[in-house]
Amino acid sequence: MDTENTAELTDEQWRERLTPEQYHVLRKHGTERPFTGEYVDVKDDGMYHCAGCGAPLFRSDAKFESGTGWPSFYEPAVAENVGLRQDRSLFMVRTEVYCKRCDGHLGHVFDDGPQPTGMRYCMNSCALDLKRDDQEDGGDSGSA
């Protein structure tokens, strides 16, 4: 999905453009079951984009194995596209991570990650779209 302004989309338009699971997570603040997401074990190089609007969010070189069952990153690649806000759902206080461009729910951030930041951005796979490095340059590196 190309990066675009999705701020004015209606709920019906979101339902049409997203899968049911993406809609549940991105628009209704749901969570996919642990160890079921497409990107949990993926180690390919590239940029993870918002599945709702295409905004670039996280680089694969900041991804790490957290053992939680969700893709985890220690920092955003494009900080201005990633927002944080308090989440008091489920009888606890957490910090929600959302896409600043489309307001889509991505996951939560915790302060138990690795260095250099000590942060763990715990994301839902279905809220992300990995553009592999070999895809972003057209797939032809020019080498034989």
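Cut-offs applied
- Every chain is numbered on its own, with residues counted from 1 as its sequence reads.
- Since the coordinates come from a predicted model, pLDDT governs what is reported: local features require at least 70, and pairs of side-chain atoms require 80 or more to be given and counted, while whole-chain, interface and lining totals use all residues.
- Excluded from the side-chain calculations are hydrogens and water; all other atoms, namely the structure's heavy atoms, are used.
- Paired strands, as defined in this entry, are two strands with at least two bridges between them according to DSSP.
- To qualify as a helix, a DSSP run of H or I must reach at least 4 residues; to qualify as a strand, a run of E must reach at least 2; elements of each kind are numbered from the N terminus.
- The axes are straight lines fitted to the C-alpha atoms, using for helices just the contacting stretch, and the angles between their N-to-C directions are given from 0 to 180°.
- Exposure categories follow from relative accessible area, calculated using a 1.4 Å probe and restricted to protein chains: below 20% of the type maximum is buried, above 50% is exposed, and the middle band is partly exposed.
- Pairs of residues are marked as contacts when any of their non-hydrogen atoms sit within 4.5 Å.
- Two joining distances apply to patches: 9 Å for like charges and 5 Å for nonpolar side chains (Val, Leu, Ile, Met, Phe, Trp, Tyr), and every residue must have over 30% relative accessible area and no salt bridge.
- Working definition of accessibility: Shrake-Rupley area with a 1.4 Å probe, residue cover restricted to the visible protein chains.
- Every case where a carboxyl oxygen of Asp or Glu lies within 4 Å of a side-chain nitrogen of Lys or Arg is listed as a salt bridge.
- Charged-residue counts in this description rest on Lys and Arg as positive and Asp and Glu as negative, His and the chain ends being excluded.
- The atom standing in for a charge is NZ when the residue is Lys, CZ when it is Arg, CG when it is Asp and CD when it is Glu.
- Any pair of Phe, Tyr and Trp rings, taking the six-membered ring for Trp, is counted once the centres come within 6.5 Å. Such a pair is stacked with planes under 30 degrees apart, edge-to-face with planes over 60 apart, and tilted for the rest.
- Counted as over-ring charges are cases with an Arg CZ or a Lys NZ within 6 Å of the ring centre that also lie within 35 degrees of the ring normal.
- N or O atoms closer than or at 3.5 Å make up a polar contact, with two conditions inside protein: a donor-capable atom paired with an acceptor-capable one, and, for residues adjacent in sequence, both atoms drawn from side chains.

Q: Would you mind going over the sheet that holds strand E7 (residues 105–110) with me for this structure?
A: One key point about sheets: their strands pair by backbone hydrogen bonds, in either a parallel or an antiparallel sense. Spatially, the six strands line up as an open sheet ordered E3-E4-E8-E7-E6-E5, and their pairing is antiparallel. Each end of this open sheet is capped by a strand with a single partner; those strands are strand E3 (63–64) and strand E5 (82–87).

Q: So what exactly am I meant to see when it comes to the sheet that holds strand E1 (residues 46–50) here?
A: Within the open sheet, the three strands sit side by side as E2-E1-E9. Their pairing is antiparallel. Every interior strand has two partners, whereas the edge strands, strand E2 (56–59) and strand E9 (128–132), have only one. Sheet twist, expressed as the average angle between the axes of neighbouring strands with direction ignored, equals 30 degrees. Judged from the three bridges that link them, E1 and E2 form a sheet pairing that is antiparallel. Within the sheet, the bridge partner assigned to Met47 lies in E2 and is Arg59.

Q: How should the side chain of Ser60 be read in this particular structure?
A: Within the fold, Ser60 resides in the loop between E2 and E3. The exposure class assigned to Ser60 is buried, which follows from its relative accessible area of 11%. Look past the residues within four positions of Ser60 in its chain and what remains in contact with it is Asp44, Asp45, Gly46 and Tyr48.

Q: In this structure, what is going on with a negative patch on the surface? I would like to understand it.
A: A cluster of like negative charges, contributed by Asp45, Asp61, Glu75 and Asp134, occupies part of the molecular surface. Within the secondary structure, Asp61 is located in the loop between E2 and E3.

Q: Explanation requested: the pairing of E1 in the structure shown.
A: Within a regular strand, side chains alternate between the sheet's two faces. Burial analysis of E1 places five of its five residues in the buried class, which makes it a mostly covered element. For E1 and E9, the ladder comprises five bridges, and the chain directions are antiparallel. Of the residues in E9, the one forming a bridge with Tyr48 is Leu130.

Q: I'm lost on the packing of aromatic side chains in this one. Help?
A: The geometry of an aromatic ring pair is captured by the separation of the ring centres together with the interplanar angle, meaning the angle of the planes. Inspection of every chain in the model, using the stated rule, returns four aromatic pairs. Clustering of aromatic rings is evident, with ring pairs tying together Tyr39, Tyr48, Phe58, Phe73 and Tyr121. Across from the ring centre of Trp14, 4.1 Å away, lies the NZ or CZ of Arg27, which sits over that ring.

Q: I'm lost on the pattern of salt bridges in this one. Help?
A: For side chains bearing opposite charge, pairing can occur when the charged atoms are close. Under the criterion given, the structure shown has eight salt bridges. A salt bridge links Asp11 to Arg15, with the nearest nitrogen and oxygen atoms 3.4 Å apart. Taken together, the positions of Asp11 and Arg15, both in helix H1 (residues 11–17) and four residues apart, correspond to about one turn of that helix. With a closest N to O distance of 2.9 Å, Arg85 and Asp103 form a salt bridge.

Q: Help me understand the side chain of Arg94 in this model?
A: As for its placement among the helices and strands, Arg94 is situated in strand E6 (residues 94–99). There is a polar contact of 3.3 Å between the side chain of Arg94 and the side chain of Ser89. Once you skip the residues sitting within four places of it in the chain, Arg94 turns out to touch Arg85, Gln86, Asp87, Ser89, His108 and Phe110.

Q: Hey, could you run me through unusual backbone geometry in this one?
A: The bulk of non-glycine residues show a negative phi, and the bulk of peptide bonds are trans. The omega angle of the peptide bond from Gln115 to Pro116 is 20 degrees, so this bond is cis rather than trans. With respect to the element layout, Pro116 can be found in the loop between E7 and strand E8 (120–123). Positive phi values are uncommon outside glycine, yet Phe35 reaches one of about 65 degrees. The residue Phe35 is located in the loop between helix H2 (20–27) and E1 in this model. You will see that Asp103, though not glycine, has its phi angle at about 65 degrees, which is positive. Structurally, Asp103 is set in the loop between E6 and E7.

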